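Commentary on secondary and tertiary structure
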Amino acid sequence: MVNRLCYLSHNYRELNSSGNKAKHDNETTLCEMGAVNLGMPTSYHHSKIVAFFLNLAGVCRLALHVRKGDVVVLQYPVKKYFSTICRMVHLRGAKVMALIHDLGSMRRKKLSVTTEINRLMGADYVIATNSTMQAWLKEKGYRKGMGALQLHDYRSATIAPLRSANHAETLPRVVYAGALAPRKNMFLLQMQEAATHFQLEIYGNRNGIHGLSESENVHIHGFMAADDFIKNVQGEYGLVWDGDSLDECTGNFGEYLRWNTPHKASFYLRAGLPIIVWRESALALVVQQYGIGLCVDSIRQLNTTLAAISPEKWNEMQQRVRSIEQRMQQGDFFRTALQTGLQQLEHQ
């Protein structure tokens, strides 16, 4: 029998990164569900040294306060301490539920697959980011209970405006937002040449990729704070793509899209934008399931694909996006995954 739903908060040096934003939002959902923070109070110190000792103190406090029958939610990866925490929790007769944000064996290649699966086996139940990752974990040897998040929630006090299609007046606008760097999104250099029947709207550090330049169909807006983006972004679609090719997602970041649900997708959706994704990405199944965007084999298809989307079709996608947007604002995706996991753990 489950006595308490618990979690371990930690120090957030900043909330601008997608990983920290997602974890912080999930803590809000846990608090709304009545979960008990067994660690230190959530803090926001920028110092690495202060953060280290605060997080260590949180782990020690968890060891003292976890009770028999508790379910402790950990947001994976937990730097340095995941296996230790799992052992401590089990010694006290409690269980661990792990929500995966990132797999070191996939993108950064810091762990072998075997090492990571063995580490995750320390949890009693795992929430994968989507059903594709869930299947991959099972294939690689994870043998305990599993569920899937599908989309990250995205909480913000900012209300996205009700957008309407303006294809009749202007070319459709495709938004790409994020940190610009040669290792991640060099495809933009080719995309700026390929954009003939749509406009490319880039929101990011202007000097991140040498060679980006504005033209009639390419506009570079620079970095925009998240809440400002949600309220003011100009466009009809958000693009989820990584790598250096227009024909497929390549490199460590691009290949990772085959299994991962990027937080960027929720950022676009929270701003009211249907999303464009690579057809071979894990996100493609989610887009098709909810009808919230387009799946393409290549960015080269966008000139003809977008021109064929009627205002009525776009408005239908946008209405579906509004529904998803409300769910993300309420923490519904994480809440649902948690409730499913708790039900399964009760029968273990």
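A brief structural summary. Values in this document were obtained by computation on a predicted structure and should not be read as measured data.

We now examine the overall build of the chain. Per the secondary structure count, the chain includes 14 helices and twelve strands. Whereas a compact globule of 348 residues would reach a radius of gyration of roughly 20 Å, the chain reaches 21 Å, a difference of no more than 12%. Within the chain, the proportion of its 348 residues that are buried is 55%. Accessible surface, the chain: about 15,500 Å² in total, of which carbon and sulfur atoms supply 52%. Side-chain charges in the chain split into 39 positive and 30 negative, and the spacing between the mean points of these groups amounts to 11 Å.

Hydrogen bonds between backbone groups are what pair the strands of a sheet, and the pairing can be parallel or antiparallel. In space, the six strands of this open sheet follow the order β2-β1-β3-β4-β5-β6, with parallel pairing throughout. At either end of the open sheet lies a strand with only one pairing partner, and these are β2 (36-37) and β6 (145-148). Two elements, strand β1 (residues 5-7) and strand β3 (residues 71-76), share three bridges in a ladder whose sense is parallel. Bridge pairing links Tyr7 to Val73 in β3. Relative to β6, helix α5 (residues 131-140) is tilted by about 155°, and along the sheet it contacts β4 (95-100), β5 (125-128) and β6.

A few words now on the pattern of salt bridges. Inspection of the entire model under this criterion finds 15 salt bridges. Measuring nitrogen to oxygen at the nearest pair gives 3.3 Å for the salt bridge that ties Arg206 to Glu214. Overall, the relative accessible area of 43% leaves Glu214 in the partly exposed class. When the shortest N-O distance is used, the salt bridge between Arg322 and Glu325 registers 3.8 Å. Linking Arg322 with Glu325, this pair stays in helix α13 (residues 311-329), spanning three residues, or about one helical turn. There is no split in this pair, since Arg322 and Glu325 are both buried. A single network of salt bridges, built from pairs that share partners, joins Glu32, Arg155 and Arg335.

This brings us to the packing of aromatic side chains. Applying the stated rule across the entire model yields ten aromatic pairs. Pairing Tyr290 with Phe333 gives two aromatic rings, centres 6.1 Å apart and planes at 90°, and the pair type is edge-to-face. Taken together, the residues span a long stretch of sequence, with Tyr290 in helix α11 (residues 282-290) and Phe333 in helix α14 (residues 332-346) at a distance of 43 residues. For the pair shown, Tyr290 and Phe333 are each scored as buried. Every member of this aromatic cluster is reached through a ring pair, and the members are Tyr154, Tyr203, Phe229, Phe267 and Tyr268. Lying over the aromatic face of Tyr154, Lys21 brings its terminal NZ or CZ to 4.7 Å of the ring centre.

Side chains of residues three or four places apart in an α-helix project in the same direction, reflecting 3.6 residues per turn. Taken together, the buried positions of helix α4 (residues 113-120) are occupied by Glu116, Ile117 and Leu120. Looking down the long axis of α4, one finds its buried residues gathered within 100° of arc, a one-sided arrangement. Projecting away from the buried face of α4 at angles above 90 degrees are the exposed residues Thr114 and Asn118. Contacts from the buried residues of α4 go to β3, α3 (82-91), β4, β5 and α5.

Its place among the elements puts Glu27 in helix α1 (residues 18-32). A distance of 2.9 Å separates a polar atom in the side chain of Glu27 from a polar atom in the side chain of Ser9.

Close contact between helix α2 (residues 48-65) and α3 brings their axes to 9 Å; oriented N to C, the two are set at 15°. The angle between α2 and α3 falls in the class roughly parallel. When the axes of α2 and α3 are compared, the crossing they make is right-handed. Here α2 contributes Val59, Leu62 and Ala63 to the contact with α3, which in turn contributes Ile85, Met88 and Val89. Counted by class, the contact of α2 with α3 contains six nonpolar, no polar and no charged residues.

Calculation criteria
Residues numbered from 1 in each chain as written. Predicted model: local features only at pLDDT ≥ 70, side-chain atom pairs only at ≥ 80, totals over all residues. Heavy atoms only, no water. Helix = DSSP H or I, 4+ residues; strand = E, 2+ residues; numbered from the N terminus. Rg over C-alpha atoms; globule rule 2.2 N^0.38 Å. Buried < 20%, exposed > 50% of the residue type's maximum accessible area, 1.4 Å probe, protein only. Areas by Shrake-Rupley, 256 points an atom, 1.4 Å probe, with all protein chains shown as cover. Lys, Arg positive; Asp, Glu negative; His and termini not counted. Charge placed at Lys NZ, Arg CZ, Asp CG, Glu CD. Pairing = 2+ DSSP bridges. Contact = heavy atoms within 4.5 Å. Axes fitted to C-alpha atoms, helices over the stretch in contact; angles between N-to-C directions. Salt bridge = Lys/Arg side-chain N within 4 Å of Asp/Glu carboxyl O. Phe/Tyr/Trp six-rings, centres within 6.5 Å; stacked < 30°, edge-to-face > 60°. Lys NZ or Arg CZ within 6 Å of the ring centre and 35° of its normal. Arc of directions from axis to C-beta. Polar contact = N/O pair within 3.5 Å; in protein donor to acceptor, adjacent residues only side chain to side chain. Parallel < 35°, antiparallel > 145°, perpendicular 65-115°, else oblique. Left-handed = near helix turned anticlockwise from the far one by under 90°. Nonpolar A, V, L, I, M, F, W, Y, C, P; charged D, E, K, R; others polar.

Any link to function would need more than the numbers given here.
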